[in-house]
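Summary of structural features
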Amino acid sequence: MATAEVERKRGQLAALSIAVVVVLVGVPLWWRTTETYRAWLPVNQINELAELQLQLSVDVEVVFSRGTLMPEQQKKVPFTRTQEEAQKVDDDTTLRYRYESKYRTANIMEEDALKQPTAAEADLSLHTLSASPCGSVVVYVIPETSVLLPQGVDVYIGHRRTAVLRMGAPMSVGKNHKQLLAHLEPRITQVVQVMSFSHTDITAALSDRVRLSPGSKESLADSMRSFKSSPGYEITFSLLNPDPKSHRLDWDIEGAVHSYIQPLLTKLAPLANFSIDSQILYYAMLGVNPRFDSSLEAYTLNADSLAHVINPVEARLGSNAASSNPVLNFLLYVPDAHHSPLYIHDHQKQPVASNAFHSPRWGGIMVYNVNDLYGRGETPLPVNININMEKVMGVFLAQLRLMLGVQSSPAPPGFLVEPCGGAGLADWELDRLMWSRTVENVATATTTITSLAQLLDQIGNIVINDNIASQVSSTVTSLQLAVAELEAGNLGFALQYSKEAILASERAFFDPSLLHLLYFPDDQKFAIYIPLFLPMCVPILLSLIKIASEARQRRKLKQSKKD
Amino acid sequence: DLNDKAGQFFNSGHTNNWAVLVCTSRFWFNYRHVANTLSVYRSVKRLGIPDSRIVLMLADDMACNHRNPKPATVFSHKNMELNVYGDDVEVDYRGYEVTVENFLRVLTGRLPASTPRSKRLLSDDRSNILIYLTGHGGNGFLKFQDSEEISNVELADAFEQMWQKRRYNELLFIIDTCQGASMYERFYSPNLMALASSQVGEDSLSHQPDLAIGVHLMDRYTFYLLEFLEDIHPSSTTNMNQLFKVCPKSQCVSTPGHRTDLFLRDPGRVLITDFFGSVRKVEITMETINLSSPMEPLPER
């Protein structure tokens, strides 16, 4: 009676306390010990960046020289105009182009510079007068009657960031301000688009985000040809000598690289690091047998067989094992004495002037014929041959420019573009490259970071370490800064921030710790937990139910006692 | 004809080829899995893909196994007709390095910084990748090293991560295991084409034993695949539809399957060499730069 009651009460207390301990201590302990450590990620900001709204601002300075403006138009100068154009690329990406143009008249020194006999010299002296910052364009407008530009040429684009534009006839332009602008603005926009970026260039740079079907075969070829943006590139120059018995080849590669290639690479330093090496391969044959063409008394390689030339050679080229940067290979092939001279023919069976070909995202091969450097039969073999590096580097430099994306879409009609010559790269070409690389970097970094956030969200049991969280945060910060600098028109800073963003995002995405190794389907999870928890929970639950039903019975008894 | 040739350039969007060839079983009696992988390796090299772009993972060393009566060889035909080991095989992951973790790391690129170039899959958005797996498998999994397994969900997720980071242009997945079709059931990323040697519920059978070596030398599907590939040369125009016909039920006993719904191009227009070979796209260099004018030193800005 009393002891049974005490016993029962003790039983109830025991069951209740066990239940309390399990719920208050056990469950939190189990939760803490089985949860994965996930550092905090700025998910909101990442989602904001997923919707990319880029504004690209270009500063344009238009300088009128004497004789271009009517008196009425002269009164309005100097003035500033801003043009904005918005383009929606797809649901998540919008682009805004902003051209801020400052119009002014030329000062005395500029007038003197424009009086030079040729456009190239004018360009040189104009450059010494002003330093246009990275990303800006200066257009000098000269009267229609000026002889600075040759006949038929309306626009001249020099080595720096200046262009010279020939004004139309005063009759066609008109007298007042509005007519002047109506005549000039479309032409200036065209010049600016050639020298900085056009909508097609920018959408091509966004290809990581937006898989648009390419507009034309040329743009597809361009996008396939140039390497994607990378923090570094490796360039390897190889000399292939299949016939060392006949030729002893000598090439001053170090000097050639220093004089011809290094200026280009120094100019491209803000974009990427370059490491150069060179090698000589003996007894390396091309994989294709050239055909003998008796009309030319030479061997020919036609365009179709070129595709099979690279593979056998590539196996022997080797690469720098330490870095994972993309490699550009430039091969100089000196044909063996039995297959000399060797010419490359294009699809129309015409010999190619450069005697060279290139493969997208790989590099280029040039065939260097030496048979005219020694007579027939009399000279003792092997013949010492000094390779003309200037000719060779001229070809390699052109191929290098193509591989790196300094693309050369043909200039619009009436444009005269100064060839880049020894510098390897004009300033405005560098600007073009910087614009498209910055946009590409921003696009790639945003897709990387958004897909990383998505991935981490979907897979609940990947551990997110602190270093990953910090990389992600720094990516977000750099991206926001890059977008802001693009809006402000500071191309140099924008490129720098975009590079930092890409490096941080790649480091975060490819961190070795983010490997989802264990996939637990739900039935496996239940199979593990049920044998552990069910035997423990069943008695507790049953006793709790018993306590509850007894309590209800007692209350009913009390109720019935009361009435 | 001229336009056609120019059209060839644009037919496929890839500029380079990669291959990831994995044999997942160890022990001497699984000789045939190593021979399978080495046969595909041999074909792929013959058709032009260099070692620097092949990641070869062999879980055990058959050529130097104590039980191999002909050391330094791995044969694929009975009567020892074809030695697929050769002189210049380059195995990137060998023995115990072939694990699910390493395989997924290679695919997703999440390798430690100290990994050398030869052990990485350095593909980009214009790479066509061939992935070949062989070993013992079941419904939804593939067994690695007799101790762990990779599930079809993990594989599909790995491919999705590759897609997110644009690590491939198009991917061809071939698997020669029992119930191989289950491994490609869960794929959901675009531009994937898959072939398997058997359907769910079927076993893939081996081809022929060699009495001198004492084990089965090849699996049927890969044996007929190798025969098919021996007829392909770098400039052949055979397309994928022919590949789907390799090893019909009469020869293979199991029913090979394939999956092309995720692939954007029509398989009839996809060349075998788009994946197994490395046909380069080539352009003639039209411009050169005139370097003969003396270089004036650029004024410092």
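Further up the page is the structure itself.
Residues numbered from 1 in each chain as written. Chains lettered and ligands numbered in written order. Predicted model: local features only at pLDDT ≥ 70, side-chain atom pairs only at ≥ 80, totals over all residues. Heavy atoms only, no water.

1. Here's the deal with the overall build of chain B
Stated precisely, the cut-off is as follows: The helix count covers DSSP runs of H or I at least four residues long, the strand count covers runs of E at least two residues long, and both are numbered beginning at the N terminus. Note that the radius of gyration is over C-alpha atoms, with the globule rule given as 2.2 Å times the number of residues to the power 0.38. Exposure categories follow from relative accessible area, calculated using a 1.4 Å probe and restricted to protein chains: below 20% of the type maximum is buried, above 50% is exposed, and the middle band is partly exposed. Here a residue-residue contact requires only that any non-hydrogen atoms of the pair lie within 4.5 Å. The accessible surface values rely on the Shrake-Rupley method and a 1.4 Å probe; as for residues, cover is taken only from the protein chains in view. When charges are counted, neither His nor the chain ends are considered; positive counts come from Lys and Arg and negative counts from Asp and Glu. Where a charge lies is defined by one atom per residue type, namely NZ (Lys), CZ (Arg), CG (Asp) and CD (Glu).
Per the secondary structure count, chain B includes eight helices and 11 strands. The C-alpha atoms of chain B give a radius of gyration of 21 Å, which matches the 19 Å a tight globule of 301 residues would have. Considering only C-alpha atoms, chain B reaches an extent of 75 × 40 × 40 Å along its principal axes. Looking at chain B residue by residue over its 301 residues, the buried ones come to 64%. Long-range pairs, those at least 24 residues apart, make up 73% of the contacts in chain B between residues at least 6 apart in sequence. Here chain B has roughly 11600 Å² of accessible surface; of this, 49% comes from carbon and sulfur atoms. Side-chain charges of chain B comprise 31 positive and 37 negative groups, with the mean position of each set lying 1 Å from the other.

2. Re helix α4 (residues 152-164) of chain B
Residues and elements named next belong to chain B. Applied cut-off: One less than the number of residues in a helix, times 1.5 Å, gives the span that helix is expected to have.
For α4, built from 13 residues, the straight-helix expectation of 18 Å at 1.5 Å per residue is met to within 8% by its first-to-last C-alpha distance of 18 Å. Counting buried positions over the 13 residues of α4 gives 12, a clear majority of the element. When we look at burial in α4, the residues that qualify are Asn152, Val153, Glu154, Leu155, Ala156, Asp157, Ala158, Phe159, Glu160, Gln161, Met162 and Trp163. Downstream of α4 by a residue or two, Arg166 has a phi angle that is positive, lying close to 50 degrees.

3. Side note on the state of the cysteines
Residues and elements named next belong to chain B. This is how it is decided: The disulfide criterion used throughout: a pair of cysteine sulfur atoms within 2.5 Å.
Under the definition given, this model contains one disulfide over all chains. In this model, Cys247 is linked to Cys252 through a disulfide, with the two sulfur atoms separated by 1.7 Å. The S-S bond linking Cys247 to Cys252 shows a torsion near 100 degrees; that makes this disulfide right-handed. Relative accessible area serves as the criterion here: at 2%, Cys247 is assigned to the buried category. Residue Cys252 is classed as buried on the basis of its relative accessible area, which comes to 1%. Of all cysteine sulfurs, the one in Cys23 lies closest to Cys64, which takes part in no disulfide; the gap is 15 Å.

4. Here we look at the interface of chain B and chain A
Interface size, as often reported, equals the accessible area lost upon joining of the parts. Here is the rule: Reported buried area values correspond to the accessible surface (1.4 Å probe) lost by two parts on association, with both partners' losses combined. For this document, the term salt bridge refers to a Lys or Arg side-chain nitrogen within 4 Å of an Asp or Glu carboxyl oxygen. Any pair of nitrogen or oxygen atoms within 3.5 Å is treated as a polar contact; in protein, a donor-acceptor pairing is required on top of that, and neighbouring residues in sequence qualify only through side-chain atoms on both sides.
Chain B puts 56 residues into the contact, and the matching count from chain A is 75 residues. Carbon and sulfur atoms supply 58% of the area buried between chain B and chain A, which totals about 5800 Å² over both sides. The largest contributions to the chain B side of the interface with chain A come from Arg110(B), Arg117(B) and Leu291(B), which together make up 14% of the buried area. At the junction of chain B with chain A, the criterion picks out seven salt bridges. Salt-bridge contacts for Arg361(A) lead to Asp125(B); the nearest nitrogen and oxygen are separated by 3.0 Å. Between the two partners, chain B and chain A, sit 20 residue pairs in polar contact (both at pLDDT 80 or more).

5. Focus: a nonpolar patch on the surface
What counts is decided by this rule: Only residues whose relative accessible area exceeds 30% and that form no salt bridge are eligible for patches; like-charged ones are grouped when within 9 Å, while nonpolar side chains (Val, Leu, Ile, Met, Phe, Trp, Tyr) are grouped when within 5 Å.
A cluster of nonpolar side chains, Phe526(A), Ile530(A), Leu534(A), Val538(A), Leu542(A) and Ile545(A), forms an exposed patch at the surface whose accessible area comes to about 590 Å². Along the chain, Val538(A) falls in helix α16 (residues 522-562).

6. Some points on the pattern of salt bridges
Side chains that differ in sign of charge can pair as their charged atoms come close. Residue and element names in this part refer to chain A. A complete count under the given rule lists 33 salt bridges over all chains for this structure. Across the pair Arg8 and Glu5 runs a salt bridge, and its minimum N-O distance is 3.3 Å. One end of the pair, Arg8, and the other, Glu5, are both in helix α1 (residues 2-34), three residues apart, so they sit about a helical turn from each other. Residue Arg98 is joined to Glu84 by a salt bridge in which the shortest nitrogen-to-oxygen separation is 3.1 Å. With Arg98 in strand β3 (residues 93-105) and Glu84 in strand β2 (residues 79-90), this residue pair connects regions lying 14 residues apart in the sequence. Connected via shared salt-bridge partners are Glu5, Arg8, Lys9 and Glu550.

7. A look at the side chain of Ser182(B)
Residue position: Ser182(B) is located in the loop between β8 (170-176) and β9 (192-196). Residues in contact with Ser182(B), not counting those within four places in the same chain, are Gly138(B), Asn139(B), Gly140(B), Asn152(B) and Val200(B).

8. Some details on the sheet that holds strand β7 (residues 232-241) of chain A
Strand pairing in a sheet relies on backbone hydrogen bonds. The paired strands run either parallel or antiparallel. Put simply, the rule reads: Here, strands pair whenever DSSP counts at least two bridges between them.
What the six strands build is an open sheet, ordered β9(A)-β7(A)-β12(A)-β15(A)-β14(A)-β11(B); its pairing is mixed. Each edge of the open sheet is held by one strand with a lone partner, namely β9 (273-282) of chain A together with β11 (283-284) of chain B. Judged from the five bridges that link them, strand β12 (residues 327-333) of chain A and strand β15 (residues 363-367) of chain A form a sheet pairing that is parallel. Bridge pairing in β15(A) links Asn329(A) to Gly363(A).

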